[in-house]
Amino acid sequence: MLTFAILFPLVGAVLIATLPKDQERSARVIAAITAVIVLGVVAYLFIDYDRGAGGYQFIDSTTWLDSDISDFDLNYAVGLDGLSLPLVLLTAFLGLVSVLISWRIELRPKEYFVWLLVLETSLLGVFSSLDLVLFFLFWEVELVPMFFLISIWGSGNRVYSAWKYVLYTFLGSAFMIVGILTLGFTAGTFDIRELAEFGSFDDAIIPAWSIFTLLSIAFLVKMPIVPFHTWLPDAHTDAPTAVSVMLAGVLLKMGGYGILRMSFSIMPEQASDANLVFAVIAAVSILYGAMMTLIQTDLKRLIAYSSVSHMGYVLLGASSIGLVGLTGAATQMVTHGLITGMLFALVGMVYDRAHTREIGELRGLATRMPFITAMMLVAGLASLGLPSLAGFAAEVTVFLGTFERHEALTIVGVIGVAFAAGYILWMIQRVFWGELDPKWAELTDATAWWERGPIIALTAAIIAIGVYPAWIMDLLRDGVAPIAERLA
Amino acid sequence: MDDLHLLGPQLALLIGGGLIIIVDVLLPIAGREAYLQRRPLLSGLAILAAAGSAGWSLVLVLTDERGEAFDGMIAVDDFTLFFNFLFAGVAGVIVLASVDFLDRHRFQGEYLALILIAAAGMSLMAAGTDLIMIFIALELQAIALFALVGISKSASGSEATLKFLLLSAISTAITLYGMAYLFGLSGETSLDGIFEYVSNADENRSALVLAAVFLTAGLGFKMAVVPFQMWVPDVYEGAPTPITAFLSVASKAAGFAVVMRIFLAALGEGIVTTDWAYLFAAIAAVSMTVGNVLALVQGNIKRMLGYSSIAQAGTILIGLAAVAAEDPQLLLGTSSVVFFLGAYAFTNIGAFIAIIAISHKIGSDQIDDYAGVAKRSPLLALGLAACLFSLTGFPPTAGFIAKVYVFNAAVQADLVWLAIIGVINSVIAAYYYLRVVLNMFARDPETDDAFLPSPYLGAALAAAVVGLFAIGIYPTPLIEASESAARVFVFG
């Protein structure tokens with residue numbers, strides 16, 4: 001069932017690739033049907049997951065490569081627990097959203113949807129893998145579709161941005177594979193479950209802290225954390241809308257997920273030792289990202305920097321090395337995925353109409369775009385952490401969990417929230433309020449079903465988590481509980 | 001007769017080569033028409049010979065026949081058979097890839113025959129278990145290759161040939177010098193005899209180290225590793241592209257095969273093992289770095305692949321360094337080298353075939369001129385992109401498994417530092433490989449004329465791409481073959 005969900009987008013991709021040239025329009029229909037089926041299956045898994053039993057469920061496992069002269073046995077092993085299940089659901093959900101908001105793509109639509117579906121498979125695979133080498137495989141596969149999506153369908157300096165994105169991630173993953181191989185060699189297995197039980201890596205061929213560093217660099221680059229963040233504003237700004245949604249919504253979570261699932265879970269000793277380092281770089285990221293938003297003139301860049309700031313909360317929560325903080329970190333990943341995904345989708349709609357993202361040029365759009373404005377307000381308020389919307393639940397939990405351990409740094413984090421209120425509201429005020437510039441008098445609101453549908457669904461999800469966070473937080477808490485236990 | 005039976009795969013290639021020359025002479029030369037008509041016949045003969053060679057190897061595998069032949073001059077074991085398949089396959093694909101090139105060429109018969117003879121020489125290099133046999137095989141392939149590099153008689157081709165010839169002669173002399181040391185010390189030319197001596201030797205260490213150094217230097221030329229790589233860029237650029245592919249895949253693999261044979265079978269145990277392992281580790285680190293950095297600045301795609309093949313050779317050497325750094329019986333290193341060579345053959349040949357097809361149509365080898373190829377010939381561009389992604393080491397291609405496998409060997413041999421140098425280099429490599437992909441996909445072409453590769457090239461490229469994905473998704477068969485080839489070098 002899980003394997004079906006992971007691989008099904010590839011089936012859709014193959015179908016699209018074999019379409020005749022004059023049938024390019026059908027590509028989007030096939031992509032949408034594929035994404036709906038995947039979301040349906042994942043939603044079924046979400047409901048079917050036995051919360052009482054917990055742990056990994058829906059496990060599919062088979063030998064992929066059997067080597068008899070060494071420990072180089074590779075397994076295909078996938079499964080979901082409380083931590084990965086919400087992220088898989090998020091991926092399937094945003095996967096469908098990104099297909100829908102690309103409905104009107106004109107340039108080479110066939111290839112576009114093929115890469116979008118390949119991307120979805122790789123992301124589902126990353127969150128589901130129970131084997132380190134398989135995890136690494138999906139982690140790397142993800143780069144190929146992203147490389148094409150940004151460099152071909154992007155805007156502005158797209159080639160440079162695609163390149164920067166791929167090389168940053170590739171450099172990080174280069175270190176990660178050495179870390180993975182060392183772990184595997186020391187423990188005699190690449191199975192994440194067994195590695196988590198393995199205990200101390202003090203007898204490894206290189207010092208345990210260096211393995212921990214090799215592993216973590218890749219994840220910190222991906223999250224991204226200052227000073228490894230510079231690829232993100234470029235990639236975000238130049239990527240097509242749907243790819244920005246996936247990038248902010250899901251791809252950054254690969255970093256946070258990796259930190260929790262690999263670094264913290266497999267090497268808890270080193271993680272505990274490093275908790276202050278993590279807290280400091282998290283606080284720096286939060287503040288730096290927030291301040292950078294204030295000087296941005298491009299809407300997408302502004303939201304991109306706010307992502308840097310918000311992903312800092314994930315790391316801050318993790319640095320608490322306690323159950324509450326970790327739960328907050330995990331929740332923040334899900335809520336940030338929904339909120340920032342929605343912000344990027346809306347900005348994309350503005351850009352499609354006005355053909356500019358310069359904040360200085362846009363003014364008074366509210367009169368022309370009431371729907372977009374209203375939704376932007378919802379997403380913006382969620383982003384700055386208004387109670388009853390999703391962001392609040394996550395951030396409060398992060399602060400609650402972290403305050404005990406890192407008082408001062410938590411306060412820095414809270415200041416970041418104040419900044420968020422400032423830059424979000426200021427941005428909305430400048431772009432949507434005020435007197436309408438006559439040159440925008442012809443702009444239209446988002447009325448098509450494929451624009452409104454995804455946005456309303458995202459809003460519903462954000463409100464659902466905001467009003468009753470327990471349905472997803474309980475699951476995440478159960479997911480991170482074993483990690484917190486090992487850290488203690 | 002048994003001896004001949006074991007030597008069948010090589011004989012098939014040699015007989016094929018001879019037959020082609022005879023047929024070529026017997027056929028009348030009457031005008032261009034008649035000339036074109038014999039191309040399919042001669043190429044068909046060459047492919048038949050390659051297929052016959054592979055088929056014979058298959059018979060040897062299926063009937064489980066192994067053994068020594070000609071009084072221990074050659075050994076037919078899993079290692080030999082692996083390389084028999086590799087060289088026969090590569091020769092066959094190179095013949096396919098040469099069909100377009102031969103269209104405009106006078107020396108069809110000679111060209112095809114020389115490819116087969118060179119392949120036979122390489123195959124014998126892998127099979128040889130006696131220094132004399134190995135030396136003869138080395139010369140057999142080298143002389144065939146000289147002629148092939150210069151066969152188009154262009155100015156750059158002639159310069160390349162001369163350079164190749166001179167440096168090859170020097171390297172041969174150095175190799176011979178190293179062999180002479182081994183013979184002088186042990187009084188034996190057979191690798192078994194030398195092993196006997198080396199594993200029990202407790203003196204003459206410096207002489208043995210010298211022998212290892214000379215052999216490394218001489219054979220380093222064949223493997224094309226730094227600092228014995230000077231010939232690579234010019235020869236790669238000057239030779240006909242199919243021959244460049246042949247050099248970069250087959251000749252390199254043969255170099256590694258002979259190095260493994262000599263160093264593992266003769267010097268695999270004893271007082272010098274760690275010495276040459278560290279020598280290989282150092283060469284690997286330098287080769288990867290120098291090759292990659294120089295590849296970065298190349299504007300010509302053949303030169304770029306030339307430098308990148310130097311870097312790849314460095315990566316392969318990691319596996320050899322891992323063989324002895326910790327434990328002489330660690331099979332993983334050997335197996336990873338064999339596997340990498342197999343995976344690399346598919347990938348690199350595919351890349352060269354795509355380049356032959358593209359450059360032929362756009363009339364340029366410059367990377368900048370590859371702009372927008374994806375619009376003009378989508379499948380060809382995708383094929384080349386797949387090969388380049390595999391060279392970079394992206395999943396799910398053969399290159400990914402090969403990279404992980406080699407680095408894994410390094411980690412298990414306590415060479416984490418070498419693995420880290422390796423992975424950093426793979427990032428540098430990503431930069432220049434992906435630059436070609438970007439040029440093809442993200443930039444606009446000057447003209448929109450669509451083009452297709454010739455069916456021969458298309459078939460050869462399709463085979464390579466299918467192969468590299470098949471290995472990437474289901475690597476077990478090739479891993480098992482590599483492991484059984486590696487097991488040949490277990491002693492005691």
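Definitions and limits used
Residues numbered from 1 in each chain as written. Chains lettered and ligands numbered in written order. Predicted model: local features only at pLDDT ≥ 70, side-chain atom pairs only at ≥ 80, totals over all residues. Helix = DSSP H or I, 4+ residues; strand = E, 2+ residues; numbered from the N terminus. Rg over C-alpha atoms; globule rule 2.2 N^0.38 Å. Buried ≥ 20, exposed ≤ 12 C-beta atoms within 10 Å, placed from the backbone. Contact = placed C-beta atoms within 7 Å. Core = buried A, V, L, I, M, F, W, Y, C linked by C-beta atoms within 7 Å. Nonpolar A, V, L, I, M, F, W, Y, C, P; charged D, E, K, R; others polar. Expected span 1.5 Å × (residues − 1). pLDDT = per-residue confidence, 0-100. Pairing = 2+ DSSP bridges. Axes fitted to C-alpha atoms, helices over the stretch in contact; angles between N-to-C directions. Parallel < 35°, antiparallel > 145°, perpendicular 65-115°, else oblique. Left-handed = near helix turned anticlockwise from the far one by under 90°.

**Overview of the overall build of chain B**
Each helix and strand counted, chain B has 21 helices and two strands in total. Against the globule reference of 23 Å for 492 residues, chain B gives a C-alpha radius of gyration of 22 Å, in line with a compact fold. Dimensions of chain B, computed from the C-alpha atoms along their principal axes, are close to 70 × 55 × 40 Å. Sorting the 492 residues of chain B into buried and exposed places 62% on the buried side. Across chain B, every contact between residues at least 6 apart in sequence was considered, and the portion connecting residues at least 24 apart equals 81%.

**Focus on the overall build of chain A**
Across its full length, chain A carries 20 helices and two strands. Dimensions along the principal axes, computed over C-alpha positions, put chain A at roughly 70 × 60 × 45 Å. Counting every position in chain A, which comprises 488 residues, the buried fraction comes to 62%. Pairs at least 24 residues apart make up 80% of the contacts formed inside chain A by residues separated by at least 6 positions.

**What to know about the nonpolar core**
Judged by nonpolar contacts, the single largest core of 403 residues is most densely connected at Leu346(A) and Ile115(B). Looking at this core, the element that brings in the most residues is helix α15 (residues 331-362) of chain B, giving 21 residues. Beyond its immediate sequence surroundings of up to four residues, Ile115(B) is in contact with Ala46(B), Ala91(B), Ile94(B), Val95(B), Leu148(B) and Phe246(B).

**Quick look at the interface of chain B and chain A**
Contacts between chain B and chain A engage 31 residues on the former and 32 residues on the latter. Counting residues per element, the ones that place at least two in the side of chain B that touches chain A are α15, α18 (398-412), α19 (416-442) and α21 (476-486) of chain B. Take the side of chain B that touches chain A: its biggest share by element is 13 residues, from α19(B). Of the residues contributing to the side of chain B that touches chain A, the split by class is 24 nonpolar, five polar and two charged.

**Here's the deal with unusual backbone geometry**
In this chain, Val226(A) is followed by Pro227(A) through a cis amide linkage whose omega measures 10 degrees. Counting through the fold element by element, Pro227(A) comes out in the loop between α9 (208-222) and α10 (231-238). Of the consecutive residues Pro395(B) and Pro396(B), the connecting peptide bond is found in the cis state with omega at 0 degrees. Relative to the assigned elements, Pro396(B) resides in the loop between α17 (378-392) and α18. One non-glycine residue, Ser388(A), lies in positive phi territory at about 80 degrees. When the 12 C-beta atoms within 10 Å are taken as the criterion, Ser388(A) is described as exposed. Here the phi dihedral of Phe70(B) falls at roughly 55 degrees; this positive angle occurs in a residue that is not glycine.

**Some points on helix α4 (residues 109-128) of chain A**
Given a rise of 1.5 Å per residue, 20 residues ought to cover 28 Å, and the 29 Å separating the end C-alpha atoms of α4(A) matches this to within 8%. Of all 20 residues that make up α4(A), 20 are buried, and the element is covered over most of its length.

**Quick look at helix α2 (residues 8-26) of chain B**
Between its terminal C-alpha atoms α2(B) stretches 26 Å, which fits the 27 Å expected from 19 residues at 1.5 Å a residue. If you check which residues of α2(B) are buried, you get Gly8(B), Pro9(B), Gln10(B), Ala12(B), Leu13(B), Leu14(B), Gly16(B), Gly17(B), Ile20(B) and Asp24(B).

**Some thoughts on the environment of Leu74(A)**
Residue and element names in this part refer to chain A. Residue position: Leu74 is located in strand β2 (residues 74-80). Separated by 363 residues in sequence, Leu74 and Asp437 have C-alpha atoms that sit 61 Å apart. In this structure, Leu74 is in contact with Trp64, Leu65, Asp131, Val133 and Phe190, ignoring residues within four places of it in sequence.

**Digging into the environment of Leu13(B)**
Residue and element names in this part refer to chain B. If you trace the backbone, Leu13 turns up in helix α2. With 36 residues separating them in the primary sequence, Leu13 and Ala49 have C-alpha atoms 5.4 Å apart. If we ignore the near neighbours within four places in the chain, the residues touching Leu13 are Ala49, Ser53, Leu116, Ala119, Ala120 and Ser123.

**A closer look at the confidence of the model for chain B**
Of the residues in chain B, 96% reach a pLDDT of 70 or more, and the chain-wide mean stands at 90. Scored as a complex, the prediction yields pTM 0.93 and ipTM 0.91.

**Topic: the pairing of β2(A)**
Note on strand geometry: in a regular strand, side chains alternate between the two faces of the sheet. Residues and elements named next belong to chain A. Burial runs high along β2: five of the seven residues are buried. Relative to β2, strand β1 (residues 57-65) runs antiparallel, the two being bridged by six bridges. Looking at β2, one finds that Asp60 is bridged to Val78.

**Brief notes about the packing of α4(A) against helix α5 (residues 132-141) of chain A**
Residues and elements named next belong to chain A. In contact at an axis separation of 8 Å, α4 and α5 are set at 150 degrees when each is read in the N-to-C sense. Overall, the two elements α4 and α5 adopt an arrangement that is roughly antiparallel. As α4 runs across α5, the sense of the crossing is left-handed. In this structure, α4 contributes Ser122, Gly125 and Val126 to the contact, and α5 contributes Phe135, Phe138, Trp139 and Val141. The residue inventory of the contact of α4 with α5, partitioned by class, reads five nonpolar, two polar and no charged.

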